[in-house]
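Given next are the chains, with one letter for each unit.
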Amino acid sequence: HYSGLEEAVYRNIQACKELAQTTRTAYGPNGMNKMVINHLEKLFVTNDAATILRELEVQHPAAKMLVMASHMQEQEVGDGTNFVLVFAGVLLELAEDLLRMGLSVSEASFVIEGYEKACKKALEILPDLVCCSAKNLRDVEEVASLLHTSVMSKQYGNERFLAKLIAQACVSILPDSGHFNVDNIRVCKIVGAGISASSVLHGMVFKKETEGDVTSVKDAKIAVYSCPFDGMITETKGTVLIKNAEELMNFSKGEENLMDLQVKAIADSGANVVVTGGKVADMALHYANKYNLMLVRLNSKWDLRRLCKTVGATALPRLTPPTLDEMGHCSSVYLSEVGDTQVVVFKHEKEDGAISTILIRGSTDNLMDDIERAVDDGVNTFKVLTRDKRLVPGGGATEIELAKQITSYGETCPGLDQYAIKKFAEAFESIPRALAENSGVKANEVISKLYAVHQEGKKNVGFDIEAEAAAVKDMLEAGVLDTYLGKFWGIKLATNAAVTVLRVDQIIMAKPAGGPKPPSGKKDWDEDQND
């Protein structure tokens, strides 16, 4: 049982500060990578906060609240998880300063109240800071320029190339209704070549080989089966009594004829590609080759469903000939070799396919995983833009402007709240500060320059990451833009998490009934007990 400031509040804040400090050095394009080895001994090398948190097993209950807030940001926006952690961590750090000045636990409610007021005010100011909106989400060049910022934070240096790939993939499958589904962009990673050999395909790519002799079909009509491509197996068990060799021959011939008829019926229906979700029998394969059917086997039922969606087919549960409605169509299906990996490609010539695939090439698996995370962030940013096209300046410009305006709002508030409101404004400085520190530039110099420029009314000026010294520039001209929704939810979720941690004044840990329980994963528990 822990209670009071020293035991409960400061302890919680300390845990959250340490967690935020971990990911803070990974913030921005110049952020450092973390090497995370999870409980399954799998290695991750990344600066993506969402991945780091997912693979770390955070035990502390207060720190878990920050993790939940960043998970919410991941689900809501798909990017900006690190912003939530850094901002919430600084809010708690500054709240600790106020509490150490002599506020009691009950007076901590003034801090909470001040933070909530300031958050409400920040979200009111945010729409005024919008510097531009996306005009046409079907223009690849424009979309690519808007995705630069989110890709840059993961893959600095390759952002132009990757943003263009993501833009092509997203624009090609954006439906007329505007309801964009993130799952419709697939990623296929193949080791070899370099990142610049990556490409976009309209359709799907599977790391599989074809089963039969046919390796390429133009104007494909596709029959999809969720069952194995094999003879019928009877529901009931039966015994067959065979008295001589002739009967045995007739029996096996009957089975062959049945298989022949089944495959012929499929070929007669017009299908020239068969995709199956189970094993392929040798006899069935022989007849498939005889009738010139291309055979592809997919083990994953998810892949089977996605393929059905791509080609517009219906997965059939048994080997019946498909009707025209149940068959899928695509321009071509062919076996290709990428590097030394065999892949089957289902390709749409026209850009009206339901699914696009980004084929990622890279020298190592870790590198390709990191590129995949950059692609995910880019695709999520596009999804956010389909919901709300507004953009705010990046590079710390929005944060400094909010800090400036909330400080002056704090001056007008009577009572103890104003200290918390000013601290909330100060917390916004942590974002340009983290960017500057990670770039190896004096943070105080950057922040004082930013304040000076913003005082003149230049709202769009932020920290210039590419300059040697502490320099600032107009973010709108530089094309460094963040989504409005990303900032909106980031501020909201970080404040909620910080306030929830501050509301705790007691930690009560219930002991499990019936003595100590064995720690998970300890095999020697019994021996220790006996000793």
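Cut-offs and rules
Residues numbered from 1 in each chain as written. Predicted model: local features only at pLDDT ≥ 70, side-chain atom pairs only at ≥ 80, totals over all residues. Heavy atoms only, no water. Domains from an automatic or database assignment. Phe/Tyr/Trp six-rings, centres within 6.5 Å; stacked < 30°, edge-to-face > 60°. Helix = DSSP H or I, 4+ residues; strand = E, 2+ residues; numbered from the N terminus. Buried < 20%, exposed > 50% of the residue type's maximum accessible area, 1.4 Å probe, protein only. Contact = heavy atoms within 4.5 Å. Salt bridge = Lys/Arg side-chain N within 4 Å of Asp/Glu carboxyl O. Patch = residues over 30% accessible without salt bridge, like charges linked within 9 Å, V, L, I, M, F, W, Y side chains within 5 Å. Areas by Shrake-Rupley, 256 points an atom, 1.4 Å probe, with all protein chains shown as cover. Lys, Arg positive; Asp, Glu negative; His and termini not counted. Charge placed at Lys NZ, Arg CZ, Asp CG, Glu CD.

Student: Go over the domain arrangement of the chain, please, and point to the residues and values.
Tutor: For the chain, the domain assignment lists domain 1 (5-132 + 392-503) and domain 2 (200-362). Taken over C-alpha atoms, the centre of domain 1 sits 53 Å from the centre of domain 2.

Student: Pulling in residues and values, what's your account of the packing of aromatic side chains?
Tutor: Applying the stated criterion to the full structure yields nine aromatic pairs. On the numbers, 5.9 Å between centres and 85 degrees between planes, the contact of phenylalanine 206 with phenylalanine 346 is edge-to-face. With phenylalanine 206 in strand β6 (residues 199-206) and phenylalanine 346 in strand β12 (residues 341-347), the pair connects residues that are 140 residues apart, well separated along the chain. Grouping residues by exposure puts phenylalanine 206 and phenylalanine 346 together as buried. Feature note: the residues Phe83, Phe87, Tyr115, Phe424 and Phe428 constitute an aromatic cluster, connected by ring pairs.

Student: Explain the environment of valine 504 to me, and be specific about the residues and the numbers.
Tutor: Tracing the backbone through its elements, the reader meets valine 504 in the loop between α17 (484-502) and β18 (506-507). As a C-alpha pair, valine 504 and valine 273 span 231 residues in sequence and 62 Å in three-dimensional space. In this view, valine 504 contacts Val9 and Asn12; residues no more than four positions away in its chain are not counted.

Student: Hey, could you go over the pattern of salt bridges for me, with residue numbers and the actual values?
Tutor: Evaluation of the coordinates by the stated rule reveals 28 salt bridges. The salt bridge involving aspartate 417 is made with lysine 117; its shortest N-O contact spans 2.9 Å. Of this pair, aspartate 417 sits in helix α13 (residues 417-428) while lysine 117 is found in helix α5 (residues 108-125), placing the two residues 300 residues apart along the sequence. In this structure aspartate 417 comes out as buried when scored by relative accessible area, which is 6%. The salt bridge involving glutamate 466 is made with lysine 473; its shortest N-O contact spans 3.9 Å. Taking relative accessible area as the criterion, lysine 473 reaches 27% and is therefore assigned partly exposed. Salt bridges linked by common partners bring Lys17, Glu96 and Arg100 together as one network.

Student: Describe a negative patch on the surface, naming the residues involved and giving the relevant values.
Tutor: Judged by side-chain charge, Glu209, Glu211, Glu337 and Asp340 come together as a negatively charged surface patch. If you trace the backbone, glutamate 209 turns up in the loop between β6 and β7 (216-225).

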